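One letter stands for each residue in the lines below.
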Protein chains: 4
Amino acid sequence: MKVSFLGLGAIGTPMARHVAAKGELTVWNRTAATAHAFASTDRCVVAGTAREAGAASTVVITCLPTSREVDAILGGPDGLLAGMSPGSLLIDCTSGDPASSRRIAATLAERNIAFLDAPVSGGVNGAINGALTVMCGGDDATFARALPALEMFGKKIVLVGPVGAGHALKAVNNAWLATHIWAAAEGLAALTKAGVKPSVALEVINASSGRSNTSENLVPQRVVTGAFPRTFKLALLEKDVAIAAEFIREQRVPSAVTQQVAELFRVARDMLGEEADHVEAVQLIERWSGVEIRG
Amino acid sequence: MKVSFLGLGAIGTPMARHVAAKGELTVWNRTAATAHAFASTDRCVVAGTAREAGAASTVVITCLPTSREVDAILGGPDGLLAGMSPGSLLIDCTSGDPASSRRIAATLAERNIAFLDAPVSGGVNGAINGALTVMCGGDDATFARALPALEMFGKKIVLVGPVGAGHALKAVNNAWLATHIWAAAEGLAALTKAGVKPSVALEVINASSGRSNTSENLVPQRVVTGAFPRTFKLALLEKDVAIAAEFIREQRVPSAVTQQVAELFRVARDMLGEEADHVEAVQLIERWSGVEIRG
Amino acid sequence: MKVSFLGLGAIGTPMARHVAAKGELTVWNRTAATAHAFASTDRCVVAGTAREAGAASTVVITCLPTSREVDAILGGPDGLLAGMSPGSLLIDCTSGDPASSRRIAATLAERNIAFLDAPVSGGVNGAINGALTVMCGGDDATFARALPALEMFGKKIVLVGPVGAGHALKAVNNAWLATHIWAAAEGLAALTKAGVKPSVALEVINASSGRSNTSENLVPQRVVTGAFPRTFKLALLEKDVAIAAEFIREQRVPSAVTQQVAELFRVARDMLGEEADHVEAVQLIERWSGVEIRG
Amino acid sequence: MKVSFLGLGAIGTPMARHVAAKGELTVWNRTAATAHAFASTDRCVVAGTAREAGAASTVVITCLPTSREVDAILGGPDGLLAGMSPGSLLIDCTSGDPASSRRIAATLAERNIAFLDAPVSGGVNGAINGALTVMCGGDDATFARALPALEMFGKKIVLVGPVGAGHALKAVNNAWLATHIWAAAEGLAALTKAGVKPSVALEVINASSGRSNTSENLVPQRVVTGAFPRTFKLALLEKDVAIAAEFIREQRVPSAVTQQVAELFRVARDMLGEEADHVEAVQLIERWSGVEIRG
């Protein structure tokens, strides 16, 4: 099976590695050196332009920072669209936004090219271990066509709704994550100031109704310890919460909490910078409160 | 061990039942008929006034709707304080507020009466099965004195900090619960409108980073099914979120999310009424959005 | 001067009347009967289609509910675009959204048609008295060309920035209005419950730093009296606040307050209906608080 | 008329000066040097303790930062209460909080001392010019007794409701001010980024429905010019918004906007420091947005 893969970032690289091992891979990356470095360890062809990558396979996978970058590599004389043939398939594993995906799908449909949005969750480790969850948006036939490619790196692969639904679901998951982190920080900062040991507070809450993945894993391992490893950028989470906020508003659902969390993460991104990890948002509340949630 | 128990509500009754089975119990309830009904099935003495209940034992347990009711039964000629002896102990299992607890503890200390705030979690089932989690606020010696009584109905019993800390922690747990419910409703209402089946969305999110007790248990069992059983009143959750919001603000921790969730639950309580279950808050967002999160 | 005017609503009708008195007017309205009724009292030609209206004059004015309706009458075989000649000018007096305006302007530019967004403020009375404020977005040359037409109904006519700036400014003005109304209602509901007469509170605040057009005019005349006249629809204000929220977010300005007011007005619109006046938002807070701000 | 005045701060000093000119004044200040400096220019007696000040006159005026400081000088062997006689009157011009005022009034009533909360607005200039607005909370008889003293420095003196109502009204006025400032900053930051000159935006809005004292005076004079004079501390405004938020919540009025503005000003105070002027809150949004609202 021939597959072209565009976007060799932190998640894209291990995903492409699985494709290289199981199919005939063509890669393209904006920074060409990254593609050549990949080719020095993994069996693949390096395309000189997105157009060449689009022409090399009938299944094309994009894995980019945002839908804006997808737009950017689609158009123009050296763009993906100029290379892809009628009847081919574009799978977008970007954590993109639903409205852009619907627009892109409509443009591709005019040329008889199928589209599936297919963002992934599971992080770098999930990508390395071929254990990603893939949330797909599109029709049944497109999903069936995409499945063999997705199975090369995904473990739980689900068609969740029409085009854009994959991106919407990924964004909502991340908005919940962001909300849980912020609410946890507010509560724990106050409890710590009031003389409650954070690890004791978490032990009790994690046996009770307020528990979440955030309280059970993220906060004990990363905040209470002071470790704050950098595994998933705050900037990317901010982008995803903004997508969720936009999506929910577009659906005309009153969403005071999600909108507010989107604004708070915007402030956090501005104050903590592009390199900060998503859990460092907690440090902003710590700073504003004059306390550290440790021990 | 002689114990007086005041407040035979939905949670208090099964708690008192465990005490009756293991100790010498005196009960008092504002509505006397409830106390007499209890005495017809469980071995205990019924006190005519809170004062009598206070005089009957050196360990007194209160389990009332709010700290306001605790205040109300403490004072006056027939109040608890008039009956309790120096050297005795008041354990308050009410989901009260930290500031009131600190004030009550100070008043009791003037008479050499010890105080422990000890709210519980685990719901009616936890109370029936003697499997409650008890979050205690007070000093080590008081905690040690209270432990034998608490072990009659509690399974996980933790001293979390100074007086008020138990109430604070309980309130924060419930504020997280409320936040998770509201954020889940916003996201799922939008996804449902966009053509994503709620059960499919939850299945994916529950394998990902946005998961919580709310997404894993409450929403699948109570919302998606349309069951909405009435197990924990929205009015009580609203009260607890308001306590958390107050507590966090008092600690001077910026808390935009918790404050907002407190306001939203206030609106929900006003619109859904005193008998609504806490998960029915979801129905308010459904109504505002014109969609039901089912299937 | 020949002018075509499309959209004979509550504001558009008196605006068109001024044009009829000073120029050669062609009108078009989706509901044709409205256009014919207008023509029975005012000197004008009634166009059968938007295309005919576009072809009749080199200056075309649209005054519609939202940018969506502008889009709708632009396209298609009988649309405005099919009729307008290269070198002509479209002035959009709709309270539209900046992003749509920029898109429309780009489409028109391909056909050498100029565009100016020119929303108005001043209400029905301002329109009747030819005393509207007109906020224009576009380049200097386009503004100069549009000025003679705008002067027929406008009093204060200002070029505020590039295409979309007029719509953005109108939306921000209305977002401030909405914010002032909501904050006023929260404060006055609480003061009223605490025994302060609303008219006394307003008298004091209106001599102090918290005053606004809302506290000086709207609340005394419409809320305290219980009059609540229907002069400007809540549904339209909700639309404008949503446009402002979208615009501010697009500019990457953290905007917790505007986003939240947008959500609250969305809830208000859902609960109070499409016919409610914008000041009736106060009644929602009154209902939630169990108090009326009167007297 | 004999009057004791406690609290010679920025506003208190010019107020006391008017009293010195029209009555027999005794002053007290925590930092004694300030009182002696005052006495070197104004005719008055300097009290050595608050108790002495309380004993010197039957009308006592306090003008302190918060209700906490009022509490602090009331109690103890050298406190105000120890000096004041039954039948005397305490007028509290502090921008205090309603709940504290009600508590203080109840304590004083036990000793037959009358209480009126009487916060002022008009700033330092208003105080110097004897042109303050005074918002009074108390009963009619107490108000009548206080009036001659209040008329020494106040111009508009209004009894607005029962004890605490003066403080509540002052706090609500300031919460509206804070809300208007924040909303103005969000909108203007975005407009500026979109190419609209702030002074042009304000000129248009100030002829329209979104105008306020903030848009008509504060922003043009202090923000657009870049002047940012320090006339009223952000820290004091933050305190007042927190009082308003607390008061509105206590009255059980859903208040999402006021609560949020309270949190945002808390963050602003933490980030901008104790010396910042209240309008500098705008600079925080400028910083987060990467733009200055100037010109």
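Quick notes on the rules
- Residues numbered from 1 in each chain as written.
- Chains lettered and ligands numbered in written order.
- Predicted model: local features only at pLDDT ≥ 70, side-chain atom pairs only at ≥ 80, totals over all residues.
- Heavy atoms only, no water.
- Least-squares fit on C-alpha atoms with pLDDT ≥ 70 in both.
- Contact = heavy atoms within 4.5 Å.
- Domains from an automatic or database assignment.
- Buried area = accessible area lost by both parts, 1.4 Å probe.
- Salt bridge = Lys/Arg side-chain N within 4 Å of Asp/Glu carboxyl O.
- Polar contact = N/O pair within 3.5 Å; in protein donor to acceptor, adjacent residues only side chain to side chain.
- Helix = DSSP H or I, 4+ residues; strand = E, 2+ residues; numbered from the N terminus.
- Axes fitted to C-alpha atoms, helices over the stretch in contact; angles between N-to-C directions.
- Parallel < 35°, antiparallel > 145°, perpendicular 65-115°, else oblique.
- Nonpolar A, V, L, I, M, F, W, Y, C, P; charged D, E, K, R; others polar.

To continue, consider the relation of the copies chain D and chain C. What connects the two chain copies is a rotation about an axis and a shift along it. Its rotation angle being 180°, the transformation that places chain D on chain C also includes 0.0 Å of axial translation and leaves an RMSD of 0.0 Å. Given the turn and translation reported, the copies of this chain are related as if by a two-fold rotation axis. When each C-alpha of chain D is compared by its distance to the rotation axis, Ser212(D) comes out closest, at 1.8 Å. When the interface residues of chain D are mapped onto chain C, 100% of them again lie at the interface, so the same face is used by both copies.

All names here are of chain A. Under the domain assignment used here, chain A contains domain 1 (2-162) and domain 2 (168-289). The C-alpha-based centres of domain 1 and domain 2 are spaced at 29 Å. Taken together, the contact pairs 13 residues of domain 1 with 8 residues of domain 2. When the two sides are added together, the surface that domain 1 and domain 2 hide from each other amounts to roughly 860 Å², 65% of it contributed by carbon and sulfur. The three residues of domain 1 that bury the most area against domain 2 are Ser95, Pro98 and Met135, which together make up 46% of that side's buried surface. Viewed at the interface, domain 2 and domain 1 are joined by 1 salt bridge. Where domain 1 packs against domain 2, one counts 5 residue pairs in polar contact (both at pLDDT 80 or more). Elements that contribute at least two residues to the side of domain 1 that touches domain 2 include exactly helix H6 (98-110) and strand E7 (120-121).

In a packed pair of helices, the relevant descriptors are the angle between the two axes and the axis-to-axis distance. All names here are of chain B. The interhelical angle for the contact between helix H13 (residues 256-272) and helix H14 (residues 281-289), taken along N-to-C directions, is 85°, at an axis separation of 10 Å. When the interaxial angle is binned, H13 and H14 end up roughly perpendicular. Between H13, through Phe265, Val267, Ala268, Met271 and Leu272, and H14, the contact on the second element is made entirely by Ala281, Leu284, Arg287 and Trp288. Considering only residue class, the contact of H13 with H14 consists of 8 nonpolar, no polar and 1 charged.

A few words on the interface of chain D and chain B. Each partner contributes residues to the interface: chain D has 15 residues there, and chain B has 15 residues. Regarding the contact of chain D and chain B, the summed buried area is about 1400 Å², with carbon and sulfur atoms giving 43% of it. Counting the surface chain D buries against chain B, the share from its top three residues, Arg249(D), Glu263(D) and Arg266(D), is 49%. The interface formed by chain D and chain B holds 4 salt bridges in total. The interface formed by chain D and chain B holds 10 residue pairs in polar contact (both at pLDDT 80 or more) in total. Top contributing element to the side of chain D that touches chain B by residue count: helix H13 (residues 256-272) of chain D, with 7 residues.

It is worth spelling out the side chain of Thr258(D) at this point. Considering the arrangement of structural elements, one finds Thr258(D) in helix H13. Leave out the neighbours within four places in its chain, and Thr258(D) touches Glu186(C), Ala175(D), Val241(D), Ala245(D) and Ile248(D).

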